[in-house]
Amino acid sequence: MSIGDKVRRAIARRLASLADDGVFGEAGPSAVRAATSWTVERPKRAEHGDLATNVAMTLTKAVGKPPRVIAEALVKALEGDAVIASAEIAGPGFVNLRLHPSVFHEELAEILLKGRGYGRAPSATGERINLEFVSANPVGPITVAAARNAIFGDTVGRVLEAAGARVTREYYINDFGNQVRLFAASIRAISDGQPVPEEGYKGAYIEELATFMKANDPKAFESEETLSRAGIGWMLSGVPGSKTMVGIQRSLSLLGVDHDVWTNEEALHRSGKVGMALAKLERGGYLEKKDGALFFVGKGTESEDKDRVVQKSDGNYAYFASDIAYLADKMNRGYDRVMIVLAIDHHGYVPRFKNAFEALGYPPEKFEVLLYNFVYIVRNGEVVKMGKRAGNFVTSDDVIEEIDEATGRVGAGKDALRFFYLSRTANVKVDFDIELAKKASLDNPVFYVQYGHARLCSILKKAAELGIESPTDLSPSEWTSLASPDELAITMRLSELPALIAGAAEMREPHRVAFYVQELAKDFQSYFTRFKADPILPRDSDRKDPEWNKTWDMNKTRARLAWVQATRVVYRTALELLGVDAPERMDKPADAESDESE
RNA sequence: GCGCCCGUAGCUCAGCUGGAUAGAGCGUCGGCCUUCGAAGCCGAAUGUCGUAAGUUCGAAUCUUACCGGGCGCGCCA
């Protein structure tokens, strides 16, 4: 049980017995037991205690007594409590609480016991969720803008998994229809030395692709169909050795994103799943023929102003038809919930998707669209229009590579880009200034967080060098020497991880994890620097005396080393949820060193 | 016209399932390295929370209207 839960339970119990004693009048006993909306939270200001509750204020109405009267009774009843050491009334009726140190020690013991499992659901027995994301048009590389989809979607997946869900990550390959024909035509034109068609694809990547295919995959040119299929295959896997044609799958992998299932739109048509899904809607009376075309008529919970075409009057299916088939296909595979990550310009599709989902016979609340806002690429203060057709886009590979070089660490670019996107809510738009990307990357808070983790590791490493064991199981009496308010306050922060994960998963808000770990890093780095005069480990000067270990308080060192390890556990879990590395050491980038010597 | 998203410090953004004196990073100014990592720490300055009403003991947070910015309303994909 978390610290917050323990405190909550203690308060609830005291309140219930006060009510039973008639302190809150006739309505007391039932009112107190019915009240659930009150909170136990860490106050903004440290002098307000370890935790505070608003229970007295929320009970006022139901009980018919002023907040301070309720609070006074509660404070009195809490005297001698095993969890709460002291309580006092503050402000309009808050009850500020201070806890016994043993409560923190128990939490640390639990963190060390559970390790990586701390804060996570005990087992993956929750919903089976199909999470579709990225699904970028496969006729071009992954851009920095698409990387937002990839990173947001992937991190939602990580957080949901930590909360117990079983998540399948899925990519929908739109390899059907007009854009694919144009793509094939563009490849053929380039390989024939002809100009690409008016609406075709241009740019270095497709030239490289065409040149490569001409030399290595001549059979692909037999027909337009083989050409488009092979071309998309190479888009996914990449051109060997190429920097401009890294391949969608590898680009995603470099972002720390890996999909479990790749579904082709073309295969949905070829296998007849589109026809089957429409037949099902037909039976339900959801289709209507008008002007030679077939329309989906939504009758679901979402209001829609008009009917949507599924089969055009020329006999071709509209894109929406394969969307419907794809939804049916996913649910036929046995998921409890279907989620799709889409850019905000798709918000108009949500009602028709939901109605189609409902028309297929599924509860609409089991379908979710997670929307995220645009990424605007900015160069010298001006927004740059990116387009695959024009070929003037910035790929995530470019950005990652540049940051890797600037920091001198492979993986730093991925970490910086992930943290950059995860440091804001999904529904705010982002400016990505590519000229500043390199410089700004060195200021990326992710490195600050990682530095904190490296410092923790450094303490443990140093302890090992000194021959001091870092224990992971201490007895209650051994823990007592861990008593500094700073260490206990950080422990309070550590204890928030389980609720944080649950909240981030429920709200589909991975940015909460990014802000949490940043706050944790700040707490720790501040503590670490301020306590230099009271080091965890004996310094060289302390060990000059050969008898030093007789006077040194080794109990305190051991308790603090255990605390360091628990802090590291929480750091690592948070970083893992963000898909960010937790390096054990960080070397100062070359640029920063030269700045220093100037 | 209708619908969705956004508007919080000089800049970029948290806080929005209502709580105490509205926070962080960057930037600015002033301090701190002989000792567990200075990619660090400490301190200072900076706000009509877009505007106006309403609900409430209490509103950045909920409701309504308005203002400003973005996006969506195809037999396109």
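Remember, predicted model here, so these are calculated numbers, not experimental data.

Reading guide: rules and limits
Residue positions are given per chain, counting from 1 as you read along its sequence in written order. To label them, take the chains in the order written and letter them from A, then take the ligands in the order written and number them from 1. A pLDDT threshold of at least 70 governs which residues receive local features in this predicted model, and a stricter bar of 80 or more applies before side-chain atom pairs are shown or counted, although totals over entire chains, interfaces and linings include all residues. Hydrogen atoms and water are omitted, and side-chain values are computed over all heavy atoms in the structure. We define a nonpolar core as any set of buried Ala, Val, Leu, Ile, Met, Phe, Trp, Tyr and Cys residues linked to one another through side-chain atoms lying within 4.5 Å. A simple rule labels every residue: compare its accessible area, found with a 1.4 Å probe on the protein chains alone, to the largest value its type can have, and call it buried under 20%, exposed over 50%, or partly exposed in between. Only heavy atoms enter the contact rule, under which two residues are in contact if any of them lie within 4.5 Å. Numbered from the N terminus, helices here are DSSP runs of H or I no shorter than four residues, and strands are runs of E no shorter than two. Bear in mind that the domain bounds are from an automatic or database domain assignment. Two strands pair under a simple rule: DSSP has to find at least two bridges between them. Here the axes come from fitting lines to C-alpha atoms, over the contacting stretch only for helices, and the angles between their N-to-C directions go from 0 to 180 degrees. What sets the label is the angle itself: under 35 degrees gives roughly parallel, over 145 gives roughly antiparallel, 65 to 115 gives roughly perpendicular, and the rest give oblique. The sense of a crossing depends on the near helix, which, turned anticlockwise from the far helix by less than a right angle, makes the crossing left-handed and, turned clockwise, makes it right-handed. Under this grouping Gly is polar, as are all residues other than the nonpolar Ala, Val, Leu, Ile, Met, Phe, Trp, Tyr, Cys and Pro and the charged Asp, Glu, Lys and Arg. Note on definitions. A residue lies near a molecule or strand when any single heavy atom of the residue is within 4 Å of it. Whenever a nitrogen or oxygen atom comes within 3.5 Å of another N or O atom, the pair is scored as a polar contact, on the condition that within protein one atom can donate a hydrogen and the other can accept it, and that pairs from neighbouring residues in sequence are kept only if both atoms are in side chains.

Nonpolar side chains tend to gather and get buried jointly when the protein is soluble and globular. In this structure, Val7, Ile11, Leu255 and Phe432 are the most contacted members of the largest nonpolar core, which totals 148 residues. Here Phe432 is in contact with Val144, Val375, Tyr376, Ile377, Val378, Val399, Leu417, Phe420, Tyr421 and Ala437, once residues within four sequence places are set aside. Membership of the second largest hydrophobic core comes to 31 residues, among which are Ala325, Met331, Val338 and Ile340.

Before going further, it helps to spend a moment on the environment of Asp323. Counting through the fold element by element, Asp323 comes out in helix H13 (residues 319-332). Among the residues examined, Asp323 registers a relative accessible area of 12% and is labelled buried. It is 9.9 Å that separates the C-alpha atoms of Asp323 and Ala277, two residues lying 46 residues apart in sequence.

Attention shifts here to the domain arrangement of chain A. With domains assigned, chain A is organised as domain 1 (3-99), domain 2 (178-246) and domain 3 (445-578). The distance between the C-alpha centroids of domain 2 and domain 3 comes to 53 Å.

So, on to the sheet that holds strand E8 (residues 287-290). As summarised here, the arrangement of the three strands in space is E8-E9-E10, forming an open sheet in which the pairing is antiparallel. The open sheet has two edge strands with one neighbour each: E8 and strand E10 (308-311). With strand direction ignored, the average angle separating the axes of adjacent strands in the sheet is 45 degrees. Pairing geometry for strand E9 (residues 293-296) and E10, over three bridges, is antiparallel. In the strand pairing of E10, Phe295 is matched with Val309. Those strands touched by H13 are E9 and E10, and its axis lies near 80 degrees from that of E10.

One way to put it is that helix H15 (residues 396-407) packs onto helix H17 (residues 434-442) with a least axis distance of 9 Å and a crossing angle of 40 degrees. By the angle class used here, H15 and H17 are oblique. Read as a crossing pair, H15 and H17 show a hand that is right-handed. Facing H15, whose interface residues are Glu402, Ile403, Ala406 and Thr407, H17 presents Ala437, Lys438, Ser441 and Leu442. Along the lines of polarity and charge, the residues of the contact of H15 with H17 split into four nonpolar, two polar and two charged.

We now examine the protein's contact with RNA strand B. Every one of the 65 residues lining RNA strand B counts as a neighbour, but Phe94, Thr425, Arg455, Asp587 and Lys588 are closest to it. Atoms of RNA strand B within 4 Å of the protein belong to the sugar or the phosphate in 60% of instances, the rest to bases. Interatomic distance of 3.4 Å between a side-chain N/O atom of Asn54 and a base nitrogen of RNA strand B. The separation between a base oxygen of RNA strand B and a polar main-chain atom of Ser313 is 2.8 Å. For the surface near RNA strand B, the elements supplying multiple residues, two or more each, are strand E4 (94-99), E9, helix H18 (445-465) and helix H22 (511-530). Per-element accounting of the surface near RNA strand B gives the leading share, nine residues, to H22. Its residues assigned to classes, the surface near RNA strand B shows 27 nonpolar, 17 polar and 21 charged.

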